[in-house]
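Residue strings, one per chain:
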Amino acid sequence: MPTPLPALIVVDVQRAFDEWEAAGKRRNNPDAVARIVDLLAAFRTHRAPIFHIRHEGTKPNSTFLPSRSGYAVKDEARERAGEPVIVKRVNSAFIGTDLEARLRAGDITTLVICGATTNHCVETTTRMAGNLGFDARLVRDATWTFDRIGPDGDAHSAEVIHAMTLSNLNGEFARIVTTDDVIASFAAK
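The structure reproduced in this document is the subject of the present report.

With that out of the way, let us pick up the layout of surface pockets. Within this model, the largest pocket holds a volume of roughly 510 Å³. Taken together, 23 residues line the largest pocket, and the ones lying closest to its centre are Trp20, His55, Phe64, Asn91 and His120. Those elements giving two or more residues to the lining of the largest pocket turn out to be helix H1 (16–22), helix H4 (118–131) and strand S6 (148–149). For the lining of the largest pocket, the leading source of residues is H4, giving three residues. When its residues are assigned to classes, the lining of the largest pocket shows seven nonpolar, ten polar and six charged.

Shown next as structure tokens:
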């Protein structure tokens, strides 16, 4: 019996993050969206499943409210006909959605996860994927985050937050891979 293809999980590639940058928030990994475009192309070429996750804000001032410009997906990462869009209202793409049911119904066991932000919705979705028994692969060059101030008042760079998140997830919840690793894995099948 052939092994089912992996599914690409594209988390929250929405314009709100561009608005954050325009407002002065600094991010890492400026080529992440280009790598997501590469992943989308590879999965489409191999007719592998793609699930687009979209965050819908619930607070009145959220940049992710459907009525606000930040809710829209970046053009280059927009879904195509037949590619499901799953709307979530919390950090995990598995809570309050039918993502797990869709994956199980498709006998999908391997998930390739990318999107934004590394230490929020990508991390939470990846942790849950691992806890649910999926073979999760987080694409390190196809995700990004922003600088943050910690509860102690110390500044933490996006690069350090990104690296620490990958370190926390590596091995226990997911394998950390690159876009090139993922694309090469299709050639090996």
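We now examine the pattern of salt bridges. In total, this model carries 16 salt bridges according to the counting rule given. Note that aspartate 75 and arginine 15 form a salt bridge whose closest N and O atoms lie 2.7 Å from each other. On the criterion of sequence distance, the pair formed by aspartate 75 in the loop between strand S2 (50–55) and strand S3 (85–88) and arginine 15 in the loop between strand S1 (7–11) and H1 is long-range, its members being 60 residues apart. By relative accessible area, which is 32% here, arginine 15 ends up partly exposed. Arginine 54 serves as the salt-bridge partner of glutamate 79, at 2.9 Å between the closest nitrogen and oxygen. Placement of the pair is glutamate 79 in the loop between S2 and S3 and arginine 54 in strand S2, with a sequence separation of 25 residues. Of the residues examined, glutamate 79 reaches a relative accessible area of 26% and is grouped as partly exposed. The buried category is assigned to arginine 54, whose relative accessible area is 13%.

A few words on the pairing of strand S5 (residues 135–144). Regular strands place their side chains on alternate faces of the sheet. Across the ten residues of S5, seven count as buried, placing the element largely inside the fold. For strand S4 (residues 110–116) and S5, the ladder comprises six bridges, and the chain directions are parallel. Looking at the pairing, valine 112 lines up with arginine 137 of S5. A crossover connection joins S4 to the parallel S5 through H4; in handedness this β-α-β unit is right-handed. With three bridges connecting them, S5 and strand S8 (residues 175–177) associate as parallel partners. Counterpart to valine 139 in the pairing with S8 is valine 177.

Once that is clear, we can look at the pairing of S2. Of all the six residues making up S2, six are buried; the element is thus mostly covered by neighbouring parts of the structure. In this structure, S2 lies alongside S3, joined through four bridges in parallel fashion. Across the sheet, residue isoleucine 53 finds its bridge partner in S3, namely isoleucine 86.

Each value, and the rule that gives it
- Residues numbered from 1 in each chain as written.
- Predicted model: local features only at pLDDT ≥ 70, side-chain atom pairs only at ≥ 80, totals over all residues.
- Heavy atoms only, no water.
- 1 Å grid on protein atoms, 1.4 Å probe; cavity = no way out; pocket = protein on both sides within 12 Å on 5 of 7 lines; lining within 4 Å.
- Points joined across faces, edges and corners; volume = space filled by probe spheres on them.
- Helix = DSSP H or I, 4+ residues; strand = E, 2+ residues; numbered from the N terminus.
- Nonpolar A, V, L, I, M, F, W, Y, C, P; charged D, E, K, R; others polar.
- Salt bridge = Lys/Arg side-chain N within 4 Å of Asp/Glu carboxyl O.
- Buried < 20%, exposed > 50% of the residue type's maximum accessible area, 1.4 Å probe, protein only.
- Pairing = 2+ DSSP bridges.
- Right-handed = clockwise from strand over helix to strand, strands pointing away.

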